[in-house]
Amino acid sequence: MTVHEALKGAVAQLRKAGVEDARLSAEVLIQRVLGVGKAHLYAHPDRVLTQEEERRIAEGVSRRARREPLQYITGVVEFYGLELEVGPDVLIPRPETEGLVERVLGWRSMWERPLIADVGTGSGALAVALAHHWPGARIVGIDVSPGAFQVASRNIRRHGLADRVSLVQGDLLFPLLDHGQRADIVVSNPPYIPSGDIDGLQPEVARFEPRAALDGGGDGLDVYRRLFFQLPEVLSRPGAVAVEVGAGQAGAVRRLLEQSCGVVAGGAGGAAAVQMETGTDRDLAGIERVVWARLS
Ligand SMILES: C[S@@+](CC[C@H](N)C(=O)[O-])C[C@H]1O[C@@H](n2cnc3c(N)ncnc32)[C@H](O)[C@@H]1O
């Protein structure tokens, strides 16, 4: 079988299985087995594959045809310009989550050496990107999932950040609350899909990504409510919070955050002493994706 034949066959098989990015998936799966770039596939269409190459390509293509996400098959994803390991224990970091990184990095002039809590760290995507681009920052990544903990620790080591990024297995901000520790910044991309919507998502998400990374309860807002309830005891003054939200959730989440930060501001000697600013940021598709608050 030649490269051209393998590519043609893979694209056809993936299209038949309903895979949206059939050509891209086929190209990436073949490139990975051959250890070559995309240009090579098209520059050498007549290259004859070995039996072992054919077998490995067929294996990858049938996994993808069963709708397993491409990133779980290759084991890597790029997030904010950094390569990260991913697998079935963690959500695949999405491009829209890069807006959360942008928002937090925009606060660099406020602190030299902040402590940032990344709640629901998953693969460690936010923790790694923030630590990489904010050399003075210390980050604590928190996640309930033991599997995510393992993946995140490998990603932290992979990028040489273990001296500034630590991980705790635990529920929301309890690991900080338990030690009376405060954070300057709390960042989170929590599970926010309404429970009843999950089965209707594309198979790559519904069947393969961890339920604990998706399920935000009946209306999708359960985790925000619990997280914001804990904020007044954890957030420093000055302090800042940024969370990712699902499409259509920004208004409700901003109201919940304003209530919580109102308590923070009031608790530090009254609203006159602590000023609160809140806002939302849109993603590249124009959807309100990040809700944030800053107390100064
Ligand atoms: C949507 S994923 C986000 C992963 C990663 N931060 C990212 O942006 O790609 C949500 C993560 O929150 C974790 N999680 C869910 N409930 C949690 C809780 N109560 N406390 C801590 N982590 C939780 C899940 O295990 C999952 O890794």
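Cut-off values and rules
- Residues numbered from 1 in each chain as written.
- Predicted model: local features only at pLDDT ≥ 70, side-chain atom pairs only at ≥ 80, totals over all residues.
- Heavy atoms only, no water.
- Domains from an automatic or database assignment.
- Core = buried A, V, L, I, M, F, W, Y, C linked by side-chain atoms within 4.5 Å.
- Buried < 20%, exposed > 50% of the residue type's maximum accessible area, 1.4 Å probe, protein only.
- Helix = DSSP H or I, 4+ residues; strand = E, 2+ residues; numbered from the N terminus.
- UniProt positions renumbered as here; feature names shortened; annotations may be inferred.
- Contact = heavy atoms within 4.5 Å.
- Expected span 1.5 Å × (residues − 1).
- Pairing = 2+ DSSP bridges.
- Axes fitted to C-alpha atoms, helices over the stretch in contact; angles between N-to-C directions.
- Polar contact = N/O pair within 3.5 Å; in protein donor to acceptor, adjacent residues only side chain to side chain.
- Right-handed = clockwise from strand over helix to strand, strands pointing away.

In this section: the domain arrangement of the protein chain. Each domain of the protein chain was delimited in the assignment, giving domain 1 (3–66) and domain 2 (91–295). Centre-to-centre, using C-alpha coordinates, domain 1 lies 37 Å away from domain 2.

Looking now at the nonpolar core. Formed by 39 residues in total, the largest nonpolar core has its most connected members in Val104 and Ile116. No other element matches the 7 residues that helix H7 (residues 125–133) contributes to this core. Grouped together as the second largest cluster of nonpolar side chains are 36 residues, Ala183, Val205, Leu257 and Ala293 included.

Within this structure's numbering, the places UniProt gives as "binding site: S-adenosyl-L-methionine" (unreviewed entry) are Gly120, Thr121, Gly122, Ser123, Gly124, Asp143 and Asn189. Spanning 70 residues, the named residues nonetheless gather at one spot, since no C-alpha pair among them exceeds 11.6 Å. The partly exposed category is assigned to Gly120, whose relative accessible area is 32%. Residues contacting Gly120, with those up to four places away along its chain left out, are Ile142, Asp143 and Asn189. Mapping Gly122 onto the fold places it in the loop between strand S3 (115–119) and H7. Setting aside its immediate chain neighbours within four residues, Gly122 contacts Val90, Asp143, Ala148 and Ala152.

Now for unusual backbone geometry. The amide bond that connects Arg237 to the next residue, Pro238, takes the cis arrangement and shows omega of 0 degrees. Topologically, Pro238 is positioned in strand S7 (residues 235–244). The phi torsion at Leu172 lies on the positive side, around 45 degrees, for a residue other than glycine. Looking at where Leu172 falls in the secondary structure, it is placed in the loop between strand S5 (165–169) and helix H9 (174–177).

The end-to-end C-alpha separation of helix H12 (residues 222–234) is 19 Å, in line with the 18 Å expected for 13 residues at 1.5 Å each. Residues of H12 that are buried include every one of Val223, Tyr224, Leu227, Phe228, Gln230, Leu231, Pro232 and Val234, and no others.

Another point: the UniProt feature "domain: Methyltransferase" (unreviewed entry) in the protein chain. When the UniProt feature table is mapped onto this chain, "domain: Methyltransferase" (unreviewed entry) is found at residues 116–206. As a span, residues 116–206 carries 33% helix and 23% strand, and end to end its C-alpha atoms are 31 Å apart.

A few words now on the sheet that holds S7. Across the sheet, 7 strands lie side by side as S5-S4-S3-S6-S7-S9-S8; this open sheet has mixed pairing. Sheet topology places S5 and strand S8 (276–282) at the edges, where each strand pairs with a single neighbour. Going across the sheet, the axis of each strand differs from the next one's by a mean of 15 degrees, ignoring polarity. Sheet topology places S3 next to strand S6 (residues 183–188); 4 bridges connect them, and they run parallel. Opposite Ile116, over in S6, you have Ile185 as the bridge partner. Across the sheet, helix H6 (residues 98–105) is in contact with S3, S6, S7, S8 and strand S9 (288–295); its angle to S7 comes to roughly 160 degrees.

A few words now on the side chain of Thr278. Relative to the assigned elements, Thr278 resides in strand S8. For Thr278, the side chain forms a polar contact with the side chain of Glu258, separated by 2.6 Å. Those residues in contact with Thr278 that sit more than four places away from it in its chain are Arg254, Glu258, Trp292 and Ala293.

A few words now on the pairing of strand S4 (residues 138–143). For S4, the tally of buried residues reaches 5 of 6 residues, placing the bulk of the element in the interior. Relative to S4, S3 runs parallel, the two being bridged by 5 bridges. Along S4, the bridge assignment pairs Ala117 with Val140. Note that the unit made of S3, H7 and S4 has a crossover that is right-handed. Relative to S5, S4 runs parallel, the two sharing 5 bridges. Bridged to Val140 within S5 is Ser166.

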